[in-house]
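This is what each chain is made of:
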Amino acid sequence: MARGCGGARLHFLALLLALVASSAAALTPQQAPPDTTRSLHAGTAAQAARTDVQSREEPASRPETPAEPEQAPPDLTRSVRPAASTQATDAILHPDAAAKRGVLFRITAPAQGDARPIVGYLFGTIHFGTPEEQGVDYGTLGKLLDGVAVFANEADVDTPWDTRLDVYRWLPARASLSRLLGAGAMAKAHELLPDVRERDLQRMRPWMVLALLEARGEPAGADNADVRLQRIASGMGKQLVHLESLEDQLRALDCVPAEQQALVLTERLHNPVFLQLDSAEAMAAYRARDLEAWMADVDRMDGLSDAARRIERRSRLCLLEDRNSRWIGAIEDMYRRQRALVAVGALHLAGPDGLVARLRRDGFRVEAIPPSEH
């Protein structure tokens, strides 16, 4: 992820970005794309990434036979006890754990009359890395899922791509990335993304190129946390709730005009060392369960001019704070009514406008679960 909003891009949906396989061939809908979901743009990008990046003028050469649907890796479900009781689920938690650090939280709704308070969970995902790197035990998360009624995430990871959404990914027909960046920056983009075809790179909106540059190059698929959790929950028959649509996410990713996005991209291309450092720092902060440190790193926006920082701040508002504001009401309503596990990008949890702070301000008890327990 790039520092600045790019740091936030590491979280986004999903859940984040679209586009080109690490080979020279264009992606087909069945091919696994690079995991650009690591940027603030996370979940969405993962969705867009599954779509074909071929130019509309070129005949598709993709195979006719559809690929088999992805299945949740078996190791995710082996340790999930069927019909685990609420008491057994809660027994793995440590209510007195430090409240400030964590990516998995126990949420207790405010008391309502004489009724027993409802307990749910909030999990901050990261969109790259192995479970070992992340320090996450998906068996434990499966047990938590088994004890709740509802699983909620940013957007449906299995939403079919709608070609009407291409307007958020591609520049207008007569525009080109080289006109926005200039010859020098465009040459650097080609150098850093050698497997992206010229015609595809020319069509991409700058936010897509930033996301590709931020990616560590690993394929998105069933190992992605968002995909894993949704499919485990679906397999258990849990009610699925999505906080927004794929178009909502793409609209947030593309909320800054392409000309302004291009300024940030140009500066990143002139200082690519910052792109190379951030993934390791993000993973280190996530594994340490120190989301505030990660957010502080994002906020520094190292390597950007004042003008580019202003643009990144506007992007961050679209990607984090604005979306948190739209989600919080539905999230709190879920926690008040039934046991729920909510999984969103980890940076949505951090900061004074993050979900953890908002829940606490509204009277919810929020307790971090120690890393040893997940």
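Each remark here, short or long, concerns the structure printed above.
About the cut-offs
Residues numbered from 1 in each chain as written. Predicted model: local features only at pLDDT ≥ 70, side-chain atom pairs only at ≥ 80, totals over all residues. Heavy atoms only, no water. Helix = DSSP H or I, 4+ residues; strand = E, 2+ residues; numbered from the N terminus. Buried < 20%, exposed > 50% of the residue type's maximum accessible area, 1.4 Å probe, protein only. Areas by Shrake-Rupley, 256 points an atom, 1.4 Å probe, with all protein chains shown as cover. Expected span 1.5 Å × (residues − 1). Bend = angle between axes of the 7 residues up to and from the residue. Disulfide = S-S within 2.5 Å. Polar contact = N/O pair within 3.5 Å; in protein donor to acceptor, adjacent residues only side chain to side chain. Core = buried A, V, L, I, M, F, W, Y, C linked by side-chain atoms within 4.5 Å. Contact = heavy atoms within 4.5 Å. Pairing = 2+ DSSP bridges. Axes fitted to C-alpha atoms, helices over the stretch in contact; angles between N-to-C directions. Phe/Tyr/Trp six-rings, centres within 6.5 Å; stacked < 30°, edge-to-face > 60°. Lys NZ or Arg CZ within 6 Å of the ring centre and 35° of its normal.

Below, the discussion takes up the overall build of the protein chain. Summing up its helical and strand segments, the protein chain has 17 helices and 6 strands in all. Evaluated residue by residue, the protein chain yields a buried proportion of 58% over its 374 residues. Approximately 15000 Å² of the protein chain is accessible, and the part contributed by carbon and sulfur atoms is 52%.

What follows covers helix H16 (residues 306-337). For H16, which comprises 32 residues, the first-to-last C-alpha distance of 45 Å matches the rise-based estimate of 46 Å (1.5 Å per residue) to within 8%. The sharpest bend along H16 comes to roughly 40 degrees, located at leucine 317.

This paragraph deals with the state of the cysteines. Using the criterion set out here, one finds 1 disulfide in the structure. Each disulfide pairs two cysteine sulfurs, and for cysteine 255 the partner residue is cysteine 318, the sulfurs being separated by 2.3 Å. Measuring handedness by torsion sign, the sulfur bridge of cysteine 255 and cysteine 318 sits at about 105 degrees and is right-handed. With cysteine 255 in the loop between helix H12 (246-253) and helix H13 (258-270) and cysteine 318 in helix H16, this residue pair connects regions lying 63 residues apart in the sequence. Judged by its relative accessible area of 30%, cysteine 255 falls in the partly exposed class. The buried category is assigned to cysteine 318, whose relative accessible area is 18%.

One non-glycine residue, arginine 289, lies in the positive phi region at around 60 degrees. Among the secondary structure elements, arginine 289 is positioned in the loop between helix H14 (273-287) and helix H15 (291-300). Phi angles above zero are rare outside glycine, and methionine 301 is one such case at about 50 degrees. In this fold, methionine 301 is placed in the loop between H15 and H16.

You can see glutamate 367 is positioned in strand S6 (residues 365-368). Overall, the relative accessible area of 5% leaves glutamate 367 in the buried class. A distance of 2.9 Å separates the side chain of glutamate 367 from the side chain of arginine 365, its partner in a polar contact.

What follows covers the nonpolar core. The biggest cluster of nonpolar side chains holds 55 residues, and the ones touching the most others in it are Leu122, Phe123, Tyr286, Trp294, Tyr335 and Leu341. Ranked by residues supplied to this core, first place goes to H16 with 6 residues. Contacts of leucine 122, omitting those with residues within four sequence positions, involve Val103, Leu104, Phe105, Ile107, Tyr335, Val342, Leu349, Leu355, Val356 and Leu359. With 35 residues, the next largest nonpolar core counts Leu165, Ala185, Val256 and Met301 among its residues.

Right, let's get into the sheet that holds strand S1 (residues 104-108). Taking strand neighbours across the sheet as the criterion, the 6 strands line up as S4-S3-S5-S2-S1-S6 in an open arrangement whose pairing is mixed. Of all the strands in the sheet, just strand S4 (239-242) and S6 have a single pairing partner and so form its edges. On average, each strand axis in the sheet is inclined to that of its neighbour by 20 degrees, with strand direction left out of account. Bridge count for strand S3 (residues 150-153) against S4 is 4 bridges, and the pairing is parallel. From the neighbouring strand, phenylalanine 151 faces S4, where its bridge partner is leucine 240. Of the strands in this sheet, S1, strand S2 (119-125), S3, S4 and strand S5 (340-345) are in contact with H16, which crosses S5 at around 155 degrees.

Our next topic: the packing of aromatic side chains. Using the criterion set out here, one finds 1 aromatic pair in the structure. Over the ring of tyrosine 138 we find arginine 228; its NZ or CZ atom is 4.6 Å from the centre of that ring.

Once that is clear, we can look at the side chain of threonine 266. Following the sequence through the fold, threonine 266 ends up in helix H13. Exposure remark for threonine 266: the relative accessible area of 16% places this residue in the buried category. Here the side chain of threonine 266 touches alanine 262 through a polar contact of 2.7 Å, landing on its backbone oxygen. Setting aside chain neighbours within four positions, we find threonine 266 in contact with Leu181 and Ala185.

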